[in-house]
Amino acid sequence: MLLSKLFIPITKDLPAEAKIKSHQLMLRTGLIRQASAGIYSWLPLGFKVMKKIEKIVREEQNIIGAQEMLMPTVQSADIWKESGRYDDYGEEMLRISDRQKREMLYGPTNEEQITEIFRTSVKSYKLLPQILYHIQWKFRDELRPRFGVMRCREFYMKDAYSFDLSEDDAVLSYNKMFFAYLKTFERLGLKSIPMKADTGPIGGDLSHEFIILAETGESKIYTDKRIFDIPINNYKNENNSLNQMRNDFSKFYSVTDEKFDPNDFNKKVKKNDQLQTKGIEVGHIFYFGDKYSKPMNCSVDGKDGKKIFVKMGSYGIGVSRLVAAIIEAKFNNDKMKWPKAVSPFDVVIIPAINKNDNSNIEKSSKIYSLLKEKGIDVLLDDVEENISNKFKKHDLLGIPYQIVVGSKSTKDQFEFKEVGKDPQVFEINKIINILKK
Ligand code: 5CA
């Protein structure tokens, strides 16, 4: 892609409400545009990053055997009346009525909808366990939408739902999801910590939030630092290993402020290992047994023919929130570096453009074609602008690799730089090998 053709409307004047770095940067680099309070359009660059995040989330769900489907955004109020949540959910729920005056709503989450699907589809224990998920827009009429897509009203979420015959089986599903979340966030270049959490309007008695550390985070967290050293790559998606993983994590104190008890913290964690800081909740998992299956009459025939209410859990990842969360985690000293897995481009070519000499731009065009041929997603900064402005712009855009075509380049050697590291001069084939890795 040529930068001169790319649709990135850079906004210089930032709205007063853009208080945190990620919100400011997402507006400045044209990732999003506000449509109305807490509702955003995703422009090409932001949409591209979000789709890459979504792909990784999807792959890790599929690995643990979760099956993708798609439920609608608009739901009937009837199922929410059955579960008892229609009134409980309060003003956060966007309620609508159709032309027949039927009560509808824009889904804030999908426990009721999936339970309705399950109860009319599955009658026998033989089909259990099941984990179903979708990646879909949600709407929550937040009292104070803020920080851009971090806490907005319309957001993109992966939500999964597990169905099991017994509580023991349900814990296995919970553990699989716990594992998938650790893997997902790791692939996104993030260090996530699972923390015991409250269940809020979703309900149930077992719950973990997955938090990434960031000063601007809304969640206060209290943890034992040693939890960072747990080698998550040692665990496998197999029951014993997953049990071991949960045991290992539960050895370390790690809670959000709702569950915080200072006496407990001081008793269980040595002063040197204590960490009190802030973080961003990027995922949240719940086990709630028959909280929905019972009132909604979602049961299967067990081995002995007796009816069993299925035991359920739900598991969310804030896909759109993650775009902002990654920026918060990776922005440092006015420089941005996207993790390679989700960067809007693999590499940017930055030629020093000289009005009287076309040679840099010609060399750049050649490398550009070559990289494209090799399947590398490359951006060429063909905008006529002085080189120091270009560098400033790319500090914000955060593409992880740069090829600088200027005084240090020869016919086939160019300055190659991984953001945050010193530049080196390499032959183009070596650059291609690094980018292909
Ligand atoms: N039904 C459960 C699990 S599927 C559920 O809805 N959980 S949740 O309320 O915790 O939301 C899941 C994830 O969505 C959160 O961890 C967060 O990353 C994201 N999220 C929640 N509310 C918002 C919001 N207002 N703006 C952006 N992302 C949000």
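Predicted model, so just to flag it, every value in this text is computed and none were measured. (Residues numbered from 1 in each chain as written. Predicted model: local features only at pLDDT ≥ 70, side-chain atom pairs only at ≥ 80, totals over all residues. Heavy atoms only, no water.)

Caption draft 1: Summary view of the overall build of the protein chain. When helices and strands are counted, the protein chain shows 12 helices and 21 strands. Relative to a compact globule of 437 residues, whose C-alpha radius of gyration would be 22 Å, the protein chain shows 25 Å and is just as compact. With respect to the principal axes defined by its C-alpha atoms, the protein chain has extents near 85 × 60 × 40 Å. Looking at the protein chain as a whole, 52% of its 437 residues qualify as buried. (Helix = DSSP H or I, 4+ residues; strand = E, 2+ residues; numbered from the N terminus. Rg over C-alpha atoms; globule rule 2.2 N^0.38 Å. Buried < 20%, exposed > 50% of the residue type's maximum accessible area, 1.4 Å probe, protein only.)

Caption draft 2: Geometry of the site of the ligand. The environment of the ligand is formed by 22 residues, the closest being Thr-109, Glu-111, Arg-140, Cys-152 and Glu-281. One nitrogen or oxygen atom from the main chain of Met-150 is found 3.5 Å from a nitrogen atom belonging to the ligand. Between the ligand and the protein, one listed contact pairs an oxygen atom with a backbone N or O atom of Val-282 at 3.4 Å. In the complex, 96% of the free accessible area of the ligand, which totals 600 Å², lies under the protein chains. (Near = heavy atom within 4 Å. Polar contact = N/O pair within 3.5 Å; in protein donor to acceptor, adjacent residues only side chain to side chain. Areas by Shrake-Rupley, 256 points an atom, 1.4 Å probe, with all protein chains shown as cover.)

Caption draft 3: Spatial organisation of the pairing of strand E19 (residues 401–405). Counting buried residues in E19 gives 5 out of 5 residues, a clear majority hidden from the surface. Every second residue of E19 is oriented toward a common face, with Tyr-401, Ile-403 and Val-405 on one face and Gln-402 and Val-404 on the other, all of them buried. Examined bridge by bridge, strand E17 (residues 347–351) and E19 share 4 bridges and lie parallel to one another. Note on E19: the bridge partner recorded for Val-348 is Gln-402. Sheet analysis places E19 next to strand E20 (residues 413–418), joined by 4 bridges and oriented antiparallel. Looking across to E20, one finds that Ile-403 is bridged to Phe-416. (Pairing = 2+ DSSP bridges.)

Caption draft 4: Up close: the pattern of salt bridges. Counted under the stated rule, the structure contains 30 salt bridges. Residue Lys-337 is joined to Glu-418 by a salt bridge in which the shortest nitrogen-to-oxygen separation is 2.9 Å. On the criterion of sequence distance, the pair formed by Lys-337 in the loop between helix H9 (319–330) and E17 and Glu-418 in strand E20 is long-range, its members being 81 residues apart. Taking the shortest distance from any N to any O, the salt bridge between Lys-390 and Asp-381 comes out at 3.4 Å. (Salt bridge = Lys/Arg side-chain N within 4 Å of Asp/Glu carboxyl O.)

Caption draft 5: How the structure looks around the sheet that holds E20. Read from one edge to the other, the open sheet built from 5 strands follows the order E18-E17-E19-E20-E21, with strand pairing classed as mixed. Strands with a single pairing partner mark the edges of an open sheet, and in this sheet they are strand E18 (378–380) and strand E21 (424–427). Strand-to-strand, the axes of this sheet are offset by a mean angle of 30°, without reference to chain direction. For E20 and E21, the ladder comprises 4 bridges, and the chain directions are antiparallel. Paired with Phe-414 across the two strands is Phe-426, which belongs to E21. Contacting E17, E18, E19 and E20, helix H10 (residues 359–373) runs over the sheet at an angle of about 165° to E17. (Axes fitted to C-alpha atoms, helices over the stretch in contact; angles between N-to-C directions. Contact = heavy atoms within 4.5 Å.)

Caption draft 6: Fine view of unusual backbone geometry. Omega for the peptide link from Leu-128 to Pro-129 comes to -5°, which places this bond in the cis form. Tracing the backbone shows Pro-129 in the loop between helix H5 (111–121) and strand E7 (130–139). For Asn-297, which is not a glycine, the phi torsion comes out positive at approximately 55°. Within the secondary structure, Asn-297 sits in the loop between strand E13 (274–289) and strand E14 (299–301).

Caption draft 7: Molecular detail of the environment of Arg-226. The residue Arg-226 is located in the loop between strand E11 (219–224) and helix H7 (239–250) in this model. We classify Arg-226 as partly exposed; its relative accessible area is 35%. Note: C-alpha distance between Arg-226 and Glu-281 (55 residues apart in sequence) is 20 Å. When neighbours within four sequence positions are excluded, Arg-226 is seen to be in contact with Phe-252 and Asp-273. Here Asp-224 takes part through its side chain, which lies 2.9 Å from a polar atom of the side chain of Arg-226.

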